[in-house]
Amino acid sequence: MRDLSAGPRVLLKRLRELMAEPLEPQERLDRIVRQIASNMVAEVCSVYVLRSDSILELYATEGLNKDAVHLAQLKMGQGLVGAIAASAQSLNLSDAQSHPAFRYLPETGEEIYHSFLGVPILRAGRSLGVLVVQNKAQRNYREDELEALETTAMVLAEMIATGELKKLTRPGLELDLTRAVTIDGDGYSEGIGLGYVVLHEPRIVVTNLLNEDADTEIRRLAESLGSLRLSIDDMLTRREISQEGEHREVLETYRMFAHDQGWVRRMEEAIHNGLTAEAAVEKVQSDTKARMIRLTDPYLRERMHDFDDLANRLLRQLTGFTPRTTADGFPADAVIFARAMGAAELLDYPRANLRGLVLEEGAVTSHVVIVARAMGIAVVGQAAGAVALAENGDAAIIDGDDGQVHIRPMADLQVAYEEKVKLRARRQEQFRALRDVPSITKDDKRITLQMNAGLLVDLPQLAESGAEGIGLFRTELQFMISSTMPKAEDQENFYRSVMAQAAGRPVTFRTLDIGGDKVVSYFRAHEEENPALGWRAIRLSLDRPGLLRIQLRALLKAAAGAELRIMLPMITEVAEIRAVRELMQKEVQHLSKFGHQLPKRLKFGAMLEVPSLMWQLDELMEEVDFVSVGSNDLFQFTMAVDRGNARVSDRFDILGRPFLRILRDIVRAAEKSNTPLTLCGEMAGKPLSAMALLSIGFRSISMSPTAIGPIKAMLLALDVGQLGAEVHQALDDYRSPVTVREILTRFAGDHNIPL
Ligand code: PEP
Ligand code: MG
């Protein structure tokens, strides 16, 4: 009887020698398969390599017809070999021909072989090819033989990844590793970015695969596991973390996995088969990843990710790998690829070099996405498999408009996108030239253009865009990107920095607008069936007056000696404004009692987002110093269409008669009472809808900073009076078959108004 444990070790030792010999790639591969066959007492050993056209090509064989090498091929998913590559799972069959996936390739002469053991050649969970052994007799390969073959496949993965096999590829064909791929995800932040892949969790490349002495490696693994466990325990006992619920849960899970016997056993087995400790960690990680990519259950996926994170930590320890500091070797144009990422981690990258962010997970509302959007970086989320398909330094294109990511794009696609980016840059240049031009229409109407913001990273845009101030500062963003509730003094410092950076330009702070789609993890509200209509924004603030008072006090203190502009979100009844005013009064009294300096002036406004206010317009205007229309929510509630649901959100035209008539009524009420009016929803930032707003009487709008240039270019060419006459007539004449959108588009065309 053969010594089972020595088998794979002897084989790996021979393979290591073969790898080191100065051989031509085909010769090396031929000798490798011969070696495997003889070591595993198999009549056949073959290697199939995956090409970029999804064909698995026979690259070397011992036992099958040699003439079939580079000719025999199977499609991904076809036959046993194709099934292994597609599923990234091994197959161990005593009677291959009775398997439903079996496919006979006459050129190989393989019909005489009954038993079949095939394993995927994996790298980072992705199939690069398939390694097969076959025997004439019907036999069941043992578990340790399967393990040994999988371990051997790692050596082949390395050969493919280093590019050695490229030399064997026929002209015009490419290996899958260098294939151009397009991933369809969701566009979370507009824009196009061209650059080079930067893997957020750098892939640690294990070069030292085969061990000299298993016992030493087992010891190294045990030591690393020991210090990994200690570091997790240490993090858990540190005071700051022991308080934090969410963070703690993650660490507890890590601790559980770090002690997982199954995981440890599988790594030890790989070492016994001849791998170094780090190669063993990588092998088990790759197997786990291959399974993870195919999991649909989000809970299980999350657990698998935890294993992946732990494996990375272990690899770092074992290889002495120190992550690259962002300064050195960081590409001038970087597209960051990550499975998921925290907002703070994105801010650690050199901002000037960032062209895009690709996330395998994430949601529009995730913090990192909010921050990326504020930074003006294109984001594609839900890009399945992106991290495994990309290698550091690969060319990449991110299209945040279409939600696509192109990795290693073909030359023509690259050129097309370069043109697009150039065109955008030219337009940006033109808009920048308008920055200091006063925003006055052709018929001399002065229009106030302000920008929306919510984070400190937004502030530099104030000067760059030429916005006159911040018309909407979404204070909830500070809460949303923080893992714990910002303390009173954090809030105060934050507001103070915002005002300092605004350098005298007005900032309108909106009080907390959480709930609905604005999720704050540490503020657990009850599950609601209709969160948009639920316990959110001012409703929540009035029911939790402590929270609101802390914020009001922080704002009052931060604005000491200056003008403070505050507005309230989601007002439904005028009485709510009065209630907040009373709370505010209490805070003012409290601060003056303790000798604090108060703001020089206080402007108190309300957002008009709920249709019920349409029947309280006079009281509303009387109650406040200014009104700001939140057209995103007002449209959602008026038309009963969920703003976040793509199926219905574009169902009705925001420039249709009903909504424009509502907006016109608001303008009329504001004019009657002389109340300053503005609008800060998305429609303010689109040239055509902004034209409509100006035509019905809006003279102040607030938008994302990138929209300021295009909107100014539009209004400089616009005769508001002339357009207004046409639009008012169209709104009054319900029999007219022409839509307001058509009128606006035609008007823009006739008068050369840039849209
Ligand atoms: C709005 O509803 O139009 C608005 C500006 O507020 P938010 O988008 O933050 O809900
Ligand atoms: Mg709103």
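The shown structure was predicted, so the numbers you read here are calculated from the model rather than taken from an experiment.

### Thoughts on the site of ligand 1
Taken together, 14 residues lie near ligand 1, and Arg 474, Arg 510, Lys 518, Asn 632 and Arg 643 sit nearest. Contact distances for ligand 1 include 2.8 Å between an oxygen atom and a side-chain N or O atom of Glu 609. Starting from 290 Å² of accessible surface for ligand 1 in isolation, the protein chains cover 99%. Those elements giving two or more residues to the shell around ligand 1 turn out to be β16 (470-474) and α22 (631-639). Ranked by residues supplied to the shell around ligand 1, first place goes to α22 with 3 residues. Looking at the shell around ligand 1 residue by residue, the classes come out as 3 nonpolar, 4 polar and 7 charged.

### Digging into the coordination of the magnesium ion (ligand 2)
Within the first shell, the magnesium ion (ligand 2) binds the protein through Glu 609 (OE) and Asp 633 (OD), at distances of 2.0 Å. Of this pair, Glu 609 sits in the loop between β19 (601-608) and α21 (617-623) while Asp 633 sits in helix α22, and the two are 24 residues apart along the sequence. Exposure class is identical for Glu 609 and Asp 633. Each is buried.

### Re the packing of helix α25 (residues 687-695) against helix α28 (residues 740-750)
Between α25 and α28, the least distance of the axes is 10 Å, while the angle of their chain directions is 105°. As the angle between them shows, α25 and α28 are arranged roughly perpendicular. Of α28, the residues touching α25 (which contributes Leu 688, Met 691 and Ala 692) are Arg 741, Leu 744, Thr 745, Phe 747 and Ala 748. Here the residues of the contact of α25 with α28 sort into 6 nonpolar, 1 polar and 1 charged.

### Overview of the confidence of the model for the protein
Taken residue by residue, the protein gives an average pLDDT of 89. The fraction at 70 or more is 94%. Across residues 1-5 the pLDDT falls below 50, and counting only partners more than four positions away or on other chains, this stretch makes 8 contacts in the model.

### Focus on the sheet that holds strand β6 (residues 126-135)
The 6 strands lie next to each other as β3-β2-β1-β6-β5-β4, forming an open sheet whose pairing is antiparallel. The sheet is open, and its two edges are formed by β3 (73-75) and β4 (91-93), each paired on a single side. Taken pair by pair, the neighbouring strands of this sheet meet at an average axis angle of 20°, ignoring direction. Here 6 bridges tie strand β1 (residues 44-50) to β6, and the two strands are oriented antiparallel to one another.

Quick notes on the rules
- Residues numbered from 1 in each chain as written.
- Chains lettered and ligands numbered in written order.
- Predicted model: local features only at pLDDT ≥ 70, side-chain atom pairs only at ≥ 80, totals over all residues.
- Heavy atoms only, no water.
- Near = heavy atom within 4 Å.
- Polar contact = N/O pair within 3.5 Å; in protein donor to acceptor, adjacent residues only side chain to side chain.
- Areas by Shrake-Rupley, 256 points an atom, 1.4 Å probe, with all protein chains shown as cover.
- Helix = DSSP H or I, 4+ residues; strand = E, 2+ residues; numbered from the N terminus.
- Nonpolar A, V, L, I, M, F, W, Y, C, P; charged D, E, K, R; others polar.
- Donors = N, O, S within 2.8 Å, 3.2 Å for Na, K, Ca; no water.
- Buried < 20%, exposed > 50% of the residue type's maximum accessible area, 1.4 Å probe, protein only.
- Axes fitted to C-alpha atoms, helices over the stretch in contact; angles between N-to-C directions.
- Parallel < 35°, antiparallel > 145°, perpendicular 65-115°, else oblique.
- Contact = heavy atoms within 4.5 Å.
- pLDDT = per-residue confidence, 0-100.
- Pairing = 2+ DSSP bridges.

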